[in-house]
Amino acid sequence: MNDKLSSNLRKCRTEKNVSQKELSQMTGISVRCLEYYEGLTNIPSLLNAYRLAKTLDTPISELFPYDNESS
């Protein structure tokens, strides 16, 4: 099984012309955490994923698509 989580957070954020600092202020999530989430160094909690999706008006599944195709 090939499990793959990816992050479209940076793409969605920049398409809406929102800086990391602005997104941090809107969500209460630190800029450092946003950097980690965008690079998938860390995976956001469900609560933080929800906050990001709601703030960016984007489904969680679009921000963090998951592919579990069998190989």
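Structural data are supplied above this passage.
Everything quoted here is computed from the prediction, not taken from an experiment. (Residues numbered from 1 in each chain as written. Predicted model: local features only at pLDDT ≥ 70, side-chain atom pairs only at ≥ 80, totals over all residues. Heavy atoms only, no water.)

A few points about the overall build of the protein
Okay, step 1: When helices and strands are tallied, the protein shows five helices and two strands.
Okay, step 2: Along the protein, helices (α) and strands (β) appear in the sequence β-α-α-α-α-α-β when read from the amino end.
Okay, step 3: For the protein, with 71 residues in total, the buried portion stands at 31%.
Okay, step 4: Total accessible area on the protein is roughly 4,800 Å²; 47% of this is exposed by carbon and sulfur atoms. (Helix = DSSP H or I, 4+ residues; strand = E, 2+ residues; numbered from the N terminus. Buried < 20%, exposed > 50% of the residue type's maximum accessible area, 1.4 Å probe, protein only. Areas by Shrake-Rupley, 256 points an atom, 1.4 Å probe, with all protein chains shown as cover.)

Here's the deal with unusual backbone geometry
Okay, step 1: Residue L40 is not a glycine yet carries a positive backbone phi of 55°.
Okay, step 2: Along the chain, L40 turns up in the loop between helix 3 (31-39) and helix 4 (46-56).
Okay, step 3: Its relative accessible area of 27% is what places L40 among the partly exposed residues.
Okay, step 4: Look at D57: it is not a glycine, yet its phi comes out positive at around 50°.
Okay, step 5: Here D57 lies in the loop between helix 4 and helix 5 (60-63).
Okay, step 6: Given a relative accessible area of 68%, D57 falls into the exposed group.

A short note on the packing of helix 2 (residues 20-27) against helix 3
Okay, step 1: For the pair helix 2 and helix 3, the least separation of the axes is 9 Å and the interaxial angle reads 110°. Regarding the angle of helix 2 to helix 3, the classification is roughly perpendicular. In the packing of helix 2 onto helix 3, the handedness of the crossing is right-handed. Every residue of helix 3 that contacts helix 2 at Q20, K21, L23 and S24 is listed here: V31, L34, E35 and E38.
Okay, step 2: Considered class by class, the residues forming the contact of helix 2 with helix 3 number three nonpolar, two polar and three charged. (Axes fitted to C-alpha atoms, helices over the stretch in contact; angles between N-to-C directions. Parallel < 35°, antiparallel > 145°, perpendicular 65-115°, else oblique. Left-handed = near helix turned anticlockwise from the far one by under 90°. Contact = heavy atoms within 4.5 Å. Nonpolar A, V, L, I, M, F, W, Y, C, P; charged D, E, K, R; others polar.)

Everything listed here is a matter of geometry and, on its own, says nothing about what the molecule does.
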